[in-house]
Amino acid sequence: MTSRDTVLTRIRNALADVPRDDRPHDTPLTRDYLHTHADRTPQETATLLAENLTDYRAHVHHTDETGLPATVARLIAERGSRSVVTPQGLPAHWLDAIGPDTERHTDRPEQTTYDLDAIDTVITGCALAIAETGTIVLDTSPDQGRRRITLVPDHHICVITPAQIVASVPQALPRLAPTRPQTWISGPSATSDIELDRVEGVHGPRTLDVIMVV
């Protein structure tokens, strides 16, 4: 018996009591697992998110709506970025404090990866952020744009509002549309070789700045 035969036999045995005309959603699934691992206030959940993002080497900044444009401009200046790209649906006032010396580009279908590689910083919102895993989820909504604009530039500024923070993955999934392309981000892009030498920026931004709006 080959390995393939062994696998298929195990599958058939596992499905022996399932009627042949049964469809995936005919039998309800029991979802009695924990939806979160602790009872936290919204502030405690936001604090946990910030801690886990920091553990993944993201840079976390806190501000309010009034101070958001100045924070965005400060991060661009500190990075030394000469150009930025933004999704078409990004709130315009987020960019109010950016100086005239910074080139501004809006996400467009005709932009190639070569065009985006020449841009220093991308600024986006997010679909939501998961506190327990320190994960940011993008789903190509108007304030996030196409996936490629968040993968090619070397610096990503991502803005998170309180309403977008959830405690856990089970709380996140019902809020995400399964038909939309999703990018799940836990810190800046990084990988390690067999000797555990960490290299950042291999398949995404080397630097991730997260602005949490309070």
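This one's a predicted model, so the numbers in the text were calculated from it and none came from an experiment.

About the cut-offs
Residues numbered from 1 in each chain as written. Predicted model: local features only at pLDDT ≥ 70, side-chain atom pairs only at ≥ 80, totals over all residues. Heavy atoms only, no water. Helix = DSSP H or I, 4+ residues; strand = E, 2+ residues; numbered from the N terminus. Buried < 20%, exposed > 50% of the residue type's maximum accessible area, 1.4 Å probe, protein only. 1 Å grid on protein atoms, 1.4 Å probe; cavity = no way out; pocket = protein on both sides within 12 Å on 5 of 7 lines; lining within 4 Å. Points joined across faces, edges and corners; volume = space filled by probe spheres on them. Nonpolar A, V, L, I, M, F, W, Y, C, P; charged D, E, K, R; others polar. Pairing = 2+ DSSP bridges. Salt bridge = Lys/Arg side-chain N within 4 Å of Asp/Glu carboxyl O. Core = buried A, V, L, I, M, F, W, Y, C linked by side-chain atoms within 4.5 Å. Contact = heavy atoms within 4.5 Å.

Engineer: Requested: an account of the environment of Gln43, with residues and values cited.
Structural biologist: Summarising the element assignment, Gln43 is placed in helix α2 (residues 42–55). Under the relative-accessibility criterion, Gln43 is labelled exposed at 55%.

Engineer: Tell me about empty space enclosed by the protein, and please be specific about residues and values.
Structural biologist: Per the stated rule, a full pass over the model turns up 1 cavity of 30 Å³ or more. If you add up the space inside the largest cavity, you get close to 40 Å³. Leu138, Asp139, Thr140, Gln144, Gly145, Arg146, Arg147, Thr150 and Thr183 together form the lining of the largest cavity. Per-class residue counts for the lining of the largest cavity are 1 nonpolar, 5 polar and 3 charged.

Engineer: Explain the sheet that holds strand β6 (residues 135–138) to me, using residue names and the numbers behind them.
Structural biologist: Spatial strand order, β8-β5-β6-β9: 4 strands in an open sheet with mixed pairing. The open sheet has two free edges, formed respectively by β8 (165–166) and β9 (183–185), since each of these has just one partner strand. In this structure, β6 lies alongside β9, joined through 3 bridges in antiparallel fashion. Within the sheet, the bridge partner assigned to Ile136 lies in β9 and is Ile185.

Engineer: Just give me the short version of the pattern of salt bridges, but keep the residues and values in it.
Structural biologist: This model, assessed by the stated rule, comprises 7 salt bridges. Salt-bridge contacts for Glu110 lead to Arg108; the nearest nitrogen and oxygen are separated by 3.0 Å. In this structure, a network of salt bridges that share partners links the residues Arg79, Asp154 and Arg206.

Engineer: Residue-level account of the pairing of β6, with values.
Structural biologist: Side chains on a regular strand alternate between the two faces of the sheet. Burial along β6 is two-sided: Thr135 and Val137 and Ile136 and Leu138, pointing in opposite directions, are all buried. Note that strand β5 (residues 128–130) and β6 share 3 bridges and pair antiparallel. In the strand pairing of β6, Ile130 is matched with Thr135.

Engineer: Tell me what's going on with the nonpolar core, and back it up with residues and numbers.
Structural biologist: In this structure, Leu49, Leu53, Ile136, Ile160, Leu208, Val210 and Met212 are the most contacted members of the largest nonpolar core, which totals 19 residues. The set of elements that each furnish at least two residues to this core consists of α2, β6, β7 (155–160) and β12 (207–213). Looking at which element gives the most residues to this core, the answer is α2, with 5 residues. Counting 14 residues, the second-largest nonpolar core is a separate cluster that includes Val84, Leu95, Ile157 and Ile211.

Engineer: Kindly report on the layout of surface pockets, identifying the contributing residues and their values.
Structural biologist: Roughly 220 Å³ of volume is contained in the largest pocket. Lining the largest pocket, in full, are Pro42, Gln43, Thr45, Ala46, Thr47, Ala50, His62, Pro162, Ile165, Met212, Val213 and Val214. Contributing elements (two or more residues each) for the lining of the largest pocket: α2 and β12. Among the elements that line the lining of the largest pocket, the one with the most residues is α2, at 6 residues. Residue composition of the lining of the largest pocket, grouped by class: 8 nonpolar, 4 polar and no charged. In this model, the second largest pocket occupies a volume close to 180 Å³. With 3 residues, the single largest contributor to the lining of the second largest pocket is β9.

Engineer: Could you give an account of the environment of Val159, naming the residues involved and the relevant values?
Structural biologist: Structurally, the position occupied by Val159 is in strand β7. Along the chain, Val159 and Arg147 lie 12 residues apart, while their C-alpha atoms are 16 Å from each other. Leave out the neighbours within four places in its chain, and Val159 touches Leu68, Trp94, Thr124, Gly125, Cys126, Gln164, Ile211 and Val213.

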